[in-house]
Amino acid sequence: MTTTPTTTTTTTATTTTVTATVTATAMRAITDSATMTRRQLKHLWRYPTLILTYTGVPVVFLLLFVYVFGGTMGAGIGGDRATYVGYLTPGIIVTAIAGAAQGTAISVAIDMTEGIIARFKTMAIARVSVLTGHVLGALVQNFIAITTVTLVAVLIGFRSAASALDWLGVIGLLAMFTFAITWLSVALAMVTKNVATASNLPMPLMVLPFLGSGFVPPESMPAPLRWFAEHQPFTPVIETLRELLAGRPAGTTFLAAAAWSAVIALGSYLWARKLYNR
Amino acid sequence: MHTSRPPAISVTGLRKSYGTHPVLSGIDLTIPQGTIFSLLGPNGAGKTTTVQILSTLIKPDAGDIRVAGHDPAKEPDHVRAAIGVTGQFSAIDTFLTGEENLRLMADLLHLGRTPGRRRAHELLERFDLTDAAHQPAATYSGGMRRRLDLAMTLVGTPRLIFLDEPTTGLDPRSRRTMWQIVKDLVRQNGVTIFLTTQYLEEADQLADHIALLSQGRLVAHGTPDELKRLVPGGHIAVRFTDENAYRRALHHLGATTHDDATLTAHLPHTGGVKTLKNLLDRLDTHAIDVAELTVHTPDLDDVFLTLTKEPAP
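All figures in this text were calculated on a predicted structure; none of them were measured in a lab. (Residues numbered from 1 in each chain as written. Chains lettered and ligands numbered in written order. Predicted model: local features only at pLDDT ≥ 70, side-chain atom pairs only at ≥ 80, totals over all residues. Heavy atoms only, no water.)

J.: What should I look at first to understand the pairing of strand 7 (residues 192-197) of chain B in this one?
T.: Every regular strand shows the same layout, with side chains that alternate between the two sheet faces. All names here are of chain B. Of all the six residues making up strand 7, six are buried; the element is thus mostly covered by neighbouring parts of the structure. Covered by surrounding structure in strand 7 are Thr-192, Phe-194 and Thr-196 together with Ile-193, Leu-195 and Thr-197, the residues of both alternating faces. Where strand 3 (residues 36-40) lies against strand 7, five bridges are found, and the strand directions are parallel. Note on strand 7: the bridge partner recorded for Ile-36 is Ile-193. Relative to strand 7, strand 6 (residues 160-164) runs parallel, the two being bridged by five bridges. Residue pairing across strands places Ile-161 opposite Ile-193, the latter belonging to strand 7. Tracing the backbone out of strand 6, into helix 6 (residues 172-189) and back to the parallel element strand 7 gives a crossover that is right-handed. (Buried < 20%, exposed > 50% of the residue type's maximum accessible area, 1.4 Å probe, protein only. Helix = DSSP H or I, 4+ residues; strand = E, 2+ residues; numbered from the N terminus. Pairing = 2+ DSSP bridges. Right-handed = clockwise from strand over helix to strand, strands pointing away.)

J.: Explanation requested: the nonpolar core in the structure shown.
T.: Buried together is how nonpolar side chains tend to be arranged in soluble globular proteins. Ranked by size, the top nonpolar core spans 57 residues in total, and within it Phe-120 and Met-190 of chain A together with Leu-102 and Ile-193 of chain B carry the most contacts. Here this core gets six residues from one element, more than from any other, and that element is helix 6 of chain B. Ignoring anything within four residues of it in the chain, the contact list for Met-190 of chain A reads Val-108, Met-112, Leu-131, Ala-272, Leu-275, Tyr-276 and Arg-278 of chain A. Within the second largest apolar cluster, 43 residues are counted, among which are Tyr-87, Leu-184, Phe-215 and Ala-250 of chain A. (Core = buried A, V, L, I, M, F, W, Y, C linked by side-chain atoms within 4.5 Å. Contact = heavy atoms within 4.5 Å.)

J.: Quick question: what am I supposed to make of the environment of Gly-142 of chain B here?
T.: Residues and elements named next belong to chain B. Position of Gly-142 relative to the elements: it lies in helix 5 (residues 142-154). The partly exposed category is assigned to Gly-142, whose relative accessible area is 41%. Along the backbone, Gly-142 and Gln-188 are 46 residues apart, and their C-alpha atoms lie at a distance of 25 Å.

J.: How do you make sense of the sheet that holds strand 8 (residues 209-214) of chain B when you look at a structure like this?
T.: The strands making up a sheet associate through backbone hydrogen bonding, with each pair oriented either parallel or antiparallel. All names here are of chain B. With mixed pairing, the six strands of this open sheet are ordered in space as 5-6-7-3-8-9. Two strands close off the open sheet at either side, each with one partner strand: strand 5 (83-86) and strand 9 (217-222). Direction aside, neighbouring strands of the sheet carry axes that sit 15 degrees apart on average. Contacts from helix 1 (residues 47-54) reach strand 3, strand 6, strand 7 and strand 8, with the element oriented near 150 degrees to strand 7. Contacting strand 5 and strand 6, helix 5 crosses the sheet at an angle of about 165 degrees to strand 5. (Axes fitted to C-alpha atoms, helices over the stretch in contact; angles between N-to-C directions.)

The structure is reproduced here in structure tokens:
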């Protein structure tokens, strides 16, 4: 008779202990990730060259494509230079994300080749915090790059018809996709022990907006390229941005973009964790 | 009085290979708490691999290992909480200032804001870095980097500290400063130090116990003096006050070599006190006046070169 309450009490106690341990572990992961993020932001603040470079490239692309190619491109999509600014801006925003990925890869690669990583690995800290610090720091960098590029686009005539809800969708989508691409660049940065090689691995990402609907409609491409453009992850992201910024419902492309982001983020996170722990 | 204290590190049968290349082929070690242990060996002997295994960075292939009472492979976080590691390559964040580096460690160790700041200032002062506290570590000299590196290791007051070649590449003055810091650590804080070095002088200066690692095996271990006695070559040099004493001494003592110009006789010395006492007795019996008597034990260089014979490349 008396055993039952005792057993129940023990089980509750054990559950409480386990819960407490899990909570403590999670708290430690959050605190340590916050510390590591502060470290990355200090780097960013003190040495802004990297972020300036990777923000500069998409801005130059934007100006080149609008003022050099814009007239012809605009005519090609049945409008003029002003029409092309509207078409191009989503593609340039995504190019900025791809560019920032290279900056992230460089900063991760430098970290991994320095002695400090051995120090972090021999400390009783949340193991993943080194990487989450890089990812959260990179999200801030991306936010700066995207905002800058968008502001320049507005300066040269880009206008959005998006409602508040559409903007929420834009921000949500950009956050998801940036998160995914950042984890991918973190993983790529750890593939080799060589900073130069590691930092060049995310380079092909810069080409993907071109091989998608970033700069011209895929319908104008030869069949095999068109097929690739229509089935690669950057296209649904660009298309969703284009629809939302124009104030039109995005529908299924939003789902495709979200699905791609989730798959890339999860796969890259697992890959990065494996490379980090090897 | 503390004989019952468990050793800081105990290792039995440690093995590690990279592919088919054996790096460590069966290492046994016991390091008592509060002592300085030096793992001495040429480049490529396996020193860094040993440190990496003991400090949870890599896993061994075989061996029973206890570091601060825990198995690094099974309970890495328990080991990590007890140790501090200053690796071969400076483990500082060169983008941050000296103070920020220390505060980073304090934050990761969850010391709290105010105690963390206090600890950082304490260490900056102790390691003579207060003036450079607000400069980026990238501007630091080699010696300053090593001091900051060690200071970062000490933020969490570890009981056991690994120093992997702490003075490689430092100038003689910085090296001596580093030695003094290491000695003070053991004396004042009672920590245990596991030091690797390729400098015999360093091991001789600092270590209570030395183990000689060569091609993945421990070829000798003991106190610096014990090791020096392992190789022949010791002798006693006796210099005499005058020609007469010198001549008589040569007749009575049976010197192996002598130098007429300096009135000095060299006698073989096996290292025991007995040889020395015997010699002094004989000098006394024959009433020979001695100007100077010096005992030459072989230095660690002799031991090193004799015991770590690497195959010709």
